[in-house]
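A structural walkthrough
Chain residues, written in single-letter form:
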Amino acid sequence: MEKRVQGEGAEKFLRLHHGPRMLVLANVWDVVSARMVERAGFPAIATSSAAVANSLGYPDGQHIQREEMLAVVRRIAAKISVPLTADLESGYGTSLDTIAGTALGLVEAGAVGLNFEDSTGDPANPLFEIAEQVEKIKCLRETGDKLRVHIAINARTDVYLEAVGEPAGRFEHAVRRLNAYRAAGADCLFAPCVDDAVTIGKLVKAVHGPLNILARPQTAPLAELERLGVARVSLGSWPMRAAMTAFDRFVRDLRERGTLESLEPGIPYAEMNKLVE
């Protein structure tokens, strides 16, 4: 992708974090799901690391190789006309050279942003130290600047997701991390697994940048999140799992009852082909 066009896409994506409406991202895992989201009228598209990994036969949690993840990002970016942000987990390595390589691969794949989390994958030490994560975020920013693309960094802390520390201290811990990430150059701040409106409202006021919330069935309604001032909502792997639930229902009906009712109404063959032309 031409860097000028990609840079314009990045600027457009960043503006979506500042109103007038909350940015809602229905996360995708392949070209077809991305084209469906674009066709529905969403102004940007985000991948889900778990959904992509699962679709390729890996569990979530950086078990997929970086090159495989970026190959999916590249295929999606080539087929859509709206900005794409990719969930690249913890960057697929710990050294700054590896993080810079991940940023380079992201830009070369045609995306304009990424989710970047502070999970280590080690239950005994679930989060990277703040100072280490700050240096990685600075590296992402510097790499994007060298490539003349302002990579939209969505810095994620997994304090709540990993249930780190005592419950009473998680709010301040999450805020401390998110504000450090913002100062290091992050554009948006992500706190997954916070569901109640009271805590979300407090986070909106306490963090120094746009807040991203993961929407789950138990999360406050989207209208309430927007009223609270949430800038961005994503759905993670929930859309893929909902689609797979429908497929699971079909194969169970086929095997156990020999019925085909769940095939109707199906998207027409020609329509599916047209989506990916």
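The sections below set out a description of the structure shown in this document.

Definitions and limits used
- All chains use their own residue numbering, which begins from 1 and follows the written sequence.
- Only residues with pLDDT of at least 70 are given local features in this predicted model, and only at 80 or more are side-chain atom pairs given and counted; all residues enter the totals for whole chains, interfaces and linings.
- Note that water and hydrogens are dropped before the side-chain values are worked out from all heavy atoms of the structure.
- Here, patches come from residues exposed beyond 30% relative accessible area and free of salt bridges, joined within 9 Å for like charges and within 5 Å for nonpolar side chains (Val, Leu, Ile, Met, Phe, Trp, Tyr).
- Only the protein chains shown count as cover for residues, and the accessible areas themselves come from Shrake-Rupley with a 1.4 Å probe.
- We count a salt bridge whenever a side-chain nitrogen from Lys or Arg sits within 4 Å of a carboxyl oxygen from Asp or Glu.
- Only DSSP runs of H or I reaching four residues or more are called helices, and only runs of E reaching two or more are called strands; each is numbered from the N terminus.
- For each residue, the accessible area found with a 1.4 Å probe, counting protein chains only, is set against the maximum for its type, and the residue is called buried under 20%, exposed over 50%, and partly exposed in between.
- A pair of strands is treated as paired once DSSP finds two or more bridges between them.
- Residue contacts are defined here by distance: any two heavy atoms, one from each residue, within 4.5 Å place the two residues in contact.
- Lines fitted to the C-alpha atoms define the axes, with helices restricted to the stretch that makes contact. Angles between their N-to-C directions range from 0 to 180 degrees.
- When the strands point away from the viewer and the connection leading from the first strand across the helix to the second strand turns clockwise, the crossover is called right-handed.
- Identification of polar contacts relies on pairs of N or O atoms within 3.5 Å, with a donor-acceptor requirement for protein atoms, meaning one able to donate a hydrogen and the other able to accept it, and with residues adjacent in sequence counted only if both atoms are side-chain atoms.

1. Thoughts on a nonpolar patch on the surface
- Together, Leu254, Leu260 and Leu263 give the surface a local cluster of nonpolar side chains, amounting to about 260 Å² of exposed area.
- Its place among the elements puts Leu260 in the loop between α10 (238–256) and α11 (269–275).
- For Leu260, a relative accessible area of 48% gives the class partly exposed.

2. Topic: the sheet that holds strand β6 (residues 188–190)
- Strand order in this open sheet of eight strands is β1-β8-β7-β6-β5-β4-β3-β2, and the pairing throughout is parallel. Strand pairing shows two members of the sheet lacking a second neighbour, β1 (23–25) and β2 (45–46), which therefore form its edges.
- Along the sheet, helix α6 (residues 130–146) contacts β4 (113–117) and β5 (152–156); its crossing angle with β4, the most-contacted strand, is approximately 170°.

3. Describing the pairing of strand β7 (residues 211–214)
- The two faces of β7 match: Leu211 and Ile213 on one face and Asn212 and Leu214 on the other face are all buried.
- Pairing geometry for β6 and β7, over two bridges, is parallel. Within β7, the residue paired with Leu189 across the bridge is Leu211.
- Chirality of the crossover, the property in question, places the unit of β6, helix α8 (residues 197–206) and β7 among those that are right-handed.
- Note on the crossover from β7 through helix α9 (residues 222–228) to strand β8 (residues 232–234): the handedness is right-handed.

4. Looking at the pattern of salt bridges
- Inspection of the entire model under this criterion finds 15 salt bridges.
- With a shortest N-O distance of 3.6 Å, Lys136 and Glu132 are connected by a salt bridge. Pair noted here: Lys136 and Glu132 are both in helix α6, with a separation of four residues, about one helical turn.
- Under the relative-accessibility criterion, Glu132 is labelled partly exposed at 33%.
- Residues Asp187 and Arg141 are paired through a salt bridge, measuring 2.7 Å at the closest nitrogen-oxygen approach. Of this pair, Asp187 sits in the loop between α7 (167–184) and β6 while Arg141 sits in helix α6; the two residues are 46 residues apart in sequence, bridging distant segments of the chain.
- The exposure class assigned to Asp187 is buried, which follows from its relative accessible area of 14%.
- Ionic contacts of the salt-bridge type, sharing partners, join the residues Glu117, Arg156 and Asp158 into one network.

5. Some remarks on the pairing of β5
- Counting buried positions along β5 yields five of five residues, so the element is predominantly enclosed.
- Here β5 shows no split at all, with Ala152, Asn154 and Arg156 on one side and Ile153 and Ala155 on the other all buried.
- In terms of strand pairing, β4 meets β5 through five bridges, oriented parallel. Its bridge partner being in β5, Glu117 is matched across the sheet by Arg156.
- Two strands pair when backbone bridges link them, and β5 and β6 are joined in this way by three bridges, in the parallel orientation. Each residue of the ladder has a partner; that of Asn154, found in β6, is Cys188.
- Taking the sense of rotation as the criterion, the β-α-β connection linking β5, α7 and β6 turns out right-handed.

6. Describing the side chain of Asn27
- Along the chain, Asn27 falls in the loop between β1 and α2 (31–39).
- In this structure Asn27 comes out as buried when scored by relative accessible area, which is 6%.
- A polar contact is formed between the side chain of Asn27 and the backbone nitrogen of Leu235, at a distance of 2.8 Å.
- In this structure the side chain of Asn27 is engaged in a polar contact, spanning 3.0 Å, whose partner is the backbone nitrogen of Gly236.
- Those residues in contact with Asn27 that sit more than four places away from it in its chain are Ala46, Thr47, Ser48, Ser234, Leu235, Gly236 and Pro239.

Nothing here speaks to function; it is all geometry.
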